[in-house]
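A look at the structure
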Amino acid sequence: MNLNRFLYFGDFIACPLAIAGLLLAVLAQGDLTALGMWCLAFVAGCMAWTLVEYAVHRWVYHAVPYFDKMHDAHHQEPKGMIGAPSFFSVALIFAIFYLPLYFASHVFAGGFTSGILLGYTAYMLVHHASHHWALKPGGLLYRLRLKHMVHHFRGEEGNYGVITSFWDHVFATYIEPQRRRAS
Ligand SMILES: [Zn+2]
Ligand SMILES: [Zn+2]
């Protein structure tokens, strides 16, 4: 989906604000046990995000009709402002993760959702940087970019993970980037 700047960059503001709100909510309780559980849930959410990122990219964007067409627009025009619209994606994350978990534990729901939101923000940042920033060889972002360029231009299906290759190794879809200039 083609987005204007507001809908393309809006989540870079909305996600940190949502995380800050969820953190303030647990801090306001003044309960160290609750804060400890929030932090554990946060780490679990960060780790869960990496699987969400892989699964959505591989089994939704590259497999489900309609979504595959929308994602193909990004493959056709990698530098375009194309993607899921800001605010809608944050609302979706709350609907899928926060609401169901809230009924079990609102503290766990807050921490876990914050971890997912941080992972999503990291994904957006790495993906934007991969296509738009002039990255110097040697750094982490440059290596992540090379890996993502293989996903775009090698003509093989693989490297679905953006911020980590972990699940590509687990599901045997990792493709080693050859040493060449990134496109
Ligand atoms: Zn793709
Ligand atoms: Zn891309």
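Below or above, wherever it landed, is the structure these notes cover.

Reading guide: rules and limits
- Per chain, the residues get numbers from 1 upward, laid out in the order the sequence is written.
- To read the labels, note that chains go from A and ligands from 1, taken in the order they are written.
- Two thresholds apply to this predicted model, a pLDDT of at least 70 for residue-level local features and 80 or more for giving and counting side-chain atom pairs, whereas whole-chain, interface and lining totals are computed over all residues.
- Side-chain calculation: all heavy atoms of the structure are included, whereas hydrogens and water are not.
- Cavity: a set of points on a 1 Å grid over the protein atoms alone where a 1.4 Å probe fits but cannot get out. Pocket: an open set with protein on both sides within 12 Å along at least five of seven lines, its lining residues, like those of a cavity, having an atom within 4 Å of a point.
- Grid points are joined across faces, edges and corners, and a volume is the space filled by probe spheres set on the points.
- Helix numbering and strand numbering both begin at the N terminus, where a helix is a DSSP run of H or I of at least 4 residues and a strand a DSSP run of E of at least 2.
- Sites may look incomplete, because water is not among the atoms used; the donor set itself consists of N, O and S atoms within 2.8 Å of the metal (3.2 Å for Na, K and Ca).
- Burial status follows relative accessibility: with a 1.4 Å probe on protein chains alone, a residue under 20% of its type maximum counts as buried, one over 50% as exposed, and anything between as partly exposed.
- Each Phe, Tyr or Trp ring, with Trp reduced to its six-membered ring, pairs with another whose centre is within 6.5 Å; inter-plane angles below 30 degrees give stacked pairs, above 60 give edge-to-face pairs, and intermediate values give tilted ones.

A look at the layout of surface pockets
- By volume, the largest pocket amounts to about 1,000 Å³.
- Taken together, 40 residues line the largest pocket, and the ones lying closest to its centre are Val56, Tyr61, Ala84, Tyr120 and Tyr123.
- Breaking the lining of the largest pocket down by element, the ones donating at least two residues are helix H1 (5-27), helix H2 (32-61), helix H3 (67-76), helix H4 (88-102) and helix H5 (106-132).

A short note on the coordination of the zinc ion (ligand 2)
- Those protein atoms acting as donors to the zinc ion (ligand 2) are His74 (NE2), His127 (NE2), His131 (NE2), His148 (NE2) and His152 (NE2), and they sit at 2.0 to 2.2 Å.
- Taken in sequence order, the residues that donate to the zinc ion (ligand 2) follow the motif H-x52-H-x3-H-x16-H-x3-H. Of this pair, His148 and His152 both sit in helix H6 (residues 140-153), four residues apart, which is roughly one turn of that helix. By the burial criterion, His148 is buried, and His152 matches it.

As for unusual backbone geometry
- Positive phi, close to 55 degrees, is recorded for Asn159, a residue that is not glycine.
- Turning to its location among the elements, Asn159 is positioned in the loop between H6 and helix H7 (166-170).
- We note that Ala172 has phi near 60 degrees; this positive angle belongs to a residue other than glycine.
- With respect to the element layout, Ala172 can be found in the segment after H7.
- Judged by its relative accessible area of 68%, Ala172 is exposed.

Let's talk about the coordination of the zinc ion (ligand 1)
- The zinc ion (ligand 1) binds to the protein through His57 (NE2), His62 (NE2), His71 (NE2), His75 (NE2) and His151 (NE2); the donor distances cover 2.1 to 2.2 Å.
- Along the chain, the residues donating to the zinc ion (ligand 1) are arranged with the sequence spacing H-x4-H-x8-H-x3-H-x75-H. Within this pair, whereas His57 is found in helix H2, its partner His151 is found in helix H6, the two being separated by 94 residues in sequence.

Brief notes about the packing of aromatic side chains
- Taken as a whole, this structure holds 19 aromatic pairs when the rule is applied.
- Ring geometry for Phe108 against Phe112: centres 5.7 Å apart, planes inclined by 15 degrees, an arrangement best described as stacked. Of this pair, Phe108 and Phe112 both sit in helix H5, four residues apart, which is roughly one turn of that helix.
- Given the relative accessible area of 30%, Phe108 is considered partly exposed.
- The exposure class assigned to Phe112 is buried, which follows from its relative accessible area of 14%.
- An aromatic cluster is present here, built from Tyr54, Trp59, Tyr160, Phe166, Trp167 and Phe171 joined pairwise through their rings.

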